[in-house]
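Summary of the model geometry
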Amino acid sequence: MTRHAIAALARTSRSRALVALRAIVALLTIAGNSLAAQDRANAMVPTVVLLGGKVFTADPARPWSEAIAVRGDRIVAVGSTADIARLAGPDTRRIALGGRTVVPGFDDAHAHAGPAGAAGRHISVDPSPTPDPALDLLLDSLAAAARRAPTGAWLTSSVGGRILDDPRATRSVLDSVAPDHRVWLAGWSGHGAILNSAALRAAGLLDAPDPAGGWISRDANGVASGRIDEYVIYTTENRLAVARGDSVLARSLRAYGEWGLRHGITSVQDMAGQYDLATLRAAVARGETMRARHRVIRIPNTTHPGGWRASWRVSGRDTVLAPNVHVSGVKWILDGTPVERLALMRRPYADRPGWHGRANFPFDTLRAILRDALARGEQPHLHAVGDSTIALVIAAMRAEAPDAAWRSLRPRLEHADALGRDQLADVKSLGIVVVQNPAHLAIPAVMSARWGADQLRAVDLLKTLVDSGVPLAIGSDGPREPGVNIMLATLHPNVPSEALTREQAVAAYTRGSAYAAFAERQRGTIAPGMLADIAVLSQDVFGVAPDALPATRSVLTMVGGKVVHEEAELVPPHRR
Ligand SMILES: [Zn+2]
Ligand SMILES: [Zn+2]
């Protein structure tokens, strides 16, 4: 064979080989394309479809629907039952809702999930949700409990204005019936407490200095006389609860979360007064904490006067401890409540002439707190009940930064009961989110005693907030049942003219709470692309009579597309 012939053959065979190679590549490409197409088709097939329901989406663009398709952790489609049913494949779980009401999972924007500080026997003297026993009645129960409880044990009870106002309620009167036990009488509002000598000693408060933002009442010799207020309570409770350890915390968080899942609560924004970061990390490491989304909002302990950021240092804006546990934002308690007359008001209290309440921190400290939040890019959560406290917050924010800087932080006012209509424009301009707690709307007798009937008509704005475009979220800070809170927000016993509609209440409890956590693009509505956090309710919260609402529970709860709670009622017979 000539060199030429060999070269020609080589060219031919090379070109044949090339043709063959091209053909193979083409075949592979076709196969590849069809595999990709198959993948794409699979990617569209939902893992779960919920069909035939009354779906409230909380999405203003499309508030009602019938059916939802979920794939993985996300909602992929919302629509009519016929349209969504068509998306289902052979492996898709079909949940027949049978007309049940479905809502985005409730997001409790203000919860207290940690364990109690003073662990021991709780004496329930007056079982109403807002107990207000007289001192003599309480002392009888205390004496009886002390006879049964082991020496040194904590005895706790919830009290109201009657005991907090009673000048006889000091450590000595508590010592007279329970000298060998640690007694902690806590104002049911979370503000104001009276301790006996053993409790004061155990908490190291007998002759401690006042921490910033707190007060220890003292006798003529400067020794604690029993009554403690504000940051003395918070820092002491925190220290006692932290000392109980991470297994107690883990159990407490787990139980709290599981209860919530049975009631359709898929997110908990937790005012973490009862633990610290180290204990939380240890609890998370046990793998036993909440299965709901758990947002941890730090409440720094204060120390000596002027010292106000002793604990909870974390770097950066958010610290993720587990896929569903993250630490973000910081809470400061700026005043008290009307119950113990510590909410700072522009007008004096109706039942204590000349008294306006009290700010926990001087204005300069408030400015420093806000400056710190600004520097760290951290959302401030400010417990502010009195209208004067709210005025101080507005003034301090304006003194520190332009409104636009605040808007990006979405500062939260927790409670904001006495927020005035004249303050709404400022609140709106600063991008402030109001987190209201329906339980606070249910004490008209106390409120009108403290603030007067005419002033009562001007407080606890809800409808006005929604109408004027101030972001509103709902948190429990009291009874946790979503049905109870929807009932109270829609009846509004304090100021019925400020009641929300059922739709507004559920939207504030879902989309509103998500907004308050910078999470409105992830959850809070039932819409394509959102996390599949969904509750199928036991009854129609939009239709039942108000007094039926408290019984509402969830028959199926989904967090991130995973069914985390399911009642047998909803399981089709063949799966039982
Ligand atoms: Zn508060
Ligand atoms: Zn609270």
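Summary of the structure given here. (Residues numbered from 1 in each chain as written. Chains lettered and ligands numbered in written order. Predicted model: local features only at pLDDT ≥ 70, side-chain atom pairs only at ≥ 80, totals over all residues. Heavy atoms only, no water.)

This part takes up unusual backbone geometry. Positive phi is not limited to glycine here, since Ala58 has a value of about 60°. Topologically, Ala58 is positioned in the loop between strand 2 (54-56) and strand 3 (64-65). The class for Ala58 is buried, based on a relative accessible area of 1%. In the Ramachandran plot, Arg410 falls in the positive-phi region, its phi being about 45° despite a non-glycine side chain. One can find Arg410 in the loop between helix 12 (403-407) and strand 20 (412-415). (Helix = DSSP H or I, 4+ residues; strand = E, 2+ residues; numbered from the N terminus. Buried < 20%, exposed > 50% of the residue type's maximum accessible area, 1.4 Å probe, protein only.)

Moving on, we come to the pairing of strand 25 (residues 562-566). Residues in a regular strand point their side chains to alternate faces of the sheet. Here strand 24 (residues 554-559) pairs with strand 25 via 4 bridges, running antiparallel. Opposite Leu556, over in strand 25, you have Glu566 as the bridge partner. From the end of strand 24 to the start of strand 25, which pair antiparallel, there are 2 residues, and Gly560 there has a positive phi angle of about 55°. (Pairing = 2+ DSSP bridges.)

Attention shifts here to the coordination of the zinc ion (ligand 2). Looking at the zinc ion (ligand 2), one finds its protein donor set to be His110 (NE2), His112 (NE2) and Asp477 (OD), positioned 2.1 to 2.2 Å from the metal centre. Written as a sequence motif, the donor residues of the zinc ion (ligand 2) are H-x1-H-x364-D. For the pair the zinc ion (ligand 2) and the zinc ion (ligand 1), the metal-to-metal distance amounts to 3.7 Å. (Donors = N, O, S within 2.8 Å, 3.2 Å for Na, K, Ca; no water.)

Turning our eyes to something else, we now look at the sheet that holds strand 3. In space, the 6 strands of this open sheet follow the order 3-2-7-23-24-25, with mixed pairing throughout. Strands at the two margins of the open sheet, each flanked by one partner only, are strand 3 and strand 25. Lying on the sheet, helix 8 (residues 246-262) is in contact with strand 24 and strand 25; it crosses strand 24 at an angle near 120°. Sitting on the sheet, helix 18 (residues 502-515) touches strand 2, strand 3 and strand 7 (101-104), and the angle it makes with strand 2 is about 60°. (Contact = heavy atoms within 4.5 Å. Axes fitted to C-alpha atoms, helices over the stretch in contact; angles between N-to-C directions.)

A word on the pattern of salt bridges. The full count for this structure, using the stated rule, is 33 salt bridges. In this structure, Asp83 and Arg86 form a salt bridge, with 2.5 Å as the shortest nitrogen-oxygen distance. Taken as a pair, Asp83 and Arg86 lie in helix 2 (residues 81-87) at a separation of 3 residues, close to a single helical turn. Classification of Asp83 by relative accessible area gives partly exposed; the value is 41%. (Salt bridge = Lys/Arg side-chain N within 4 Å of Asp/Glu carboxyl O.)

All right, on to the layout of surface pockets then. Regions of empty space are outlined by a rolling probe, equal in size to a water molecule, passed over the atoms. The space that makes up the second largest pocket amounts to roughly 340 Å³. Val466, Leu472, Ala507, Ala508 and Arg511 are the residues nearest the centre of the second largest pocket, which is lined by 15 residues in total. Looking at the lining of the second largest pocket, the element that brings in the most residues is helix 18, giving 7 residues. Across the lining of the second largest pocket, the residue classes break down as 9 nonpolar, 3 polar and 3 charged. (1 Å grid on protein atoms, 1.4 Å probe; cavity = no way out; pocket = protein on both sides within 12 Å on 5 of 7 lines; lining within 4 Å. Points joined across faces, edges and corners; volume = space filled by probe spheres on them. Nonpolar A, V, L, I, M, F, W, Y, C, P; charged D, E, K, R; others polar.)

Right, let's talk about helix 18 for a bit. Between the first and last C-alpha of helix 18 there are 19 Å, a value that for 14 residues agrees with the 20 Å anticipated at 1.5 Å per step. Maximal helix bending in helix 18 amounts to about 40°, located at Ala508. By the criterion of burial, helix 18 is predominantly enclosed, with 10 of the 14 residues buried. Residues of helix 18 that are buried: Arg502, Ala505, Val506, Ala507, Ala508, Tyr509, Thr510, Gly512, Ser513 and Ala514. Residues of helix 18 that are buried sit in contact with strand 2, strand 7, strand 8 (106-111), strand 15 (265-272), strand 22 (472-474) and helix 17 (482-491). (Expected span 1.5 Å × (residues − 1). Bend = angle between axes of the 7 residues up to and from the residue.)

Now for the sheet that holds strand 4 (residues 67-71). The strand order across the open sheet built from 4 strands is 5-4-1-6, with neighbouring strands paired in mixed fashion. Looking along the sheet, the strands with just one partner apiece sit at the ends: strand 5 (74-79) and strand 6 (93-96). Shown here is a sheet whose adjacent strand axes are inclined to one another by a mean of 15°, direction ignored. Pairing geometry for strand 4 and strand 5, over 5 bridges, is antiparallel. Of the residues in strand 5, the one forming a bridge with Val70 is Ile75.

To continue, consider the packing of helix 17 against helix 18. Packing of helix 17 against helix 18 leaves a shortest axis separation of 9 Å and a crossing angle of 130°. Taken as axis vectors, helix 17 and helix 18 run oblique relative to one another. Helix 18 is crossed by helix 17, and the crossing has right-handed handedness. Contacts from Pro482, Asn485, Ile486, Ala489 and Thr490 of helix 17 reach helix 18 at Arg502, Ala505, Val506 and Tyr509. (Parallel < 35°, antiparallel > 145°, perpendicular 65-115°, else oblique. Left-handed = near helix turned anticlockwise from the far one by under 90°.)

Nothing here speaks to function; it is geometry throughout.
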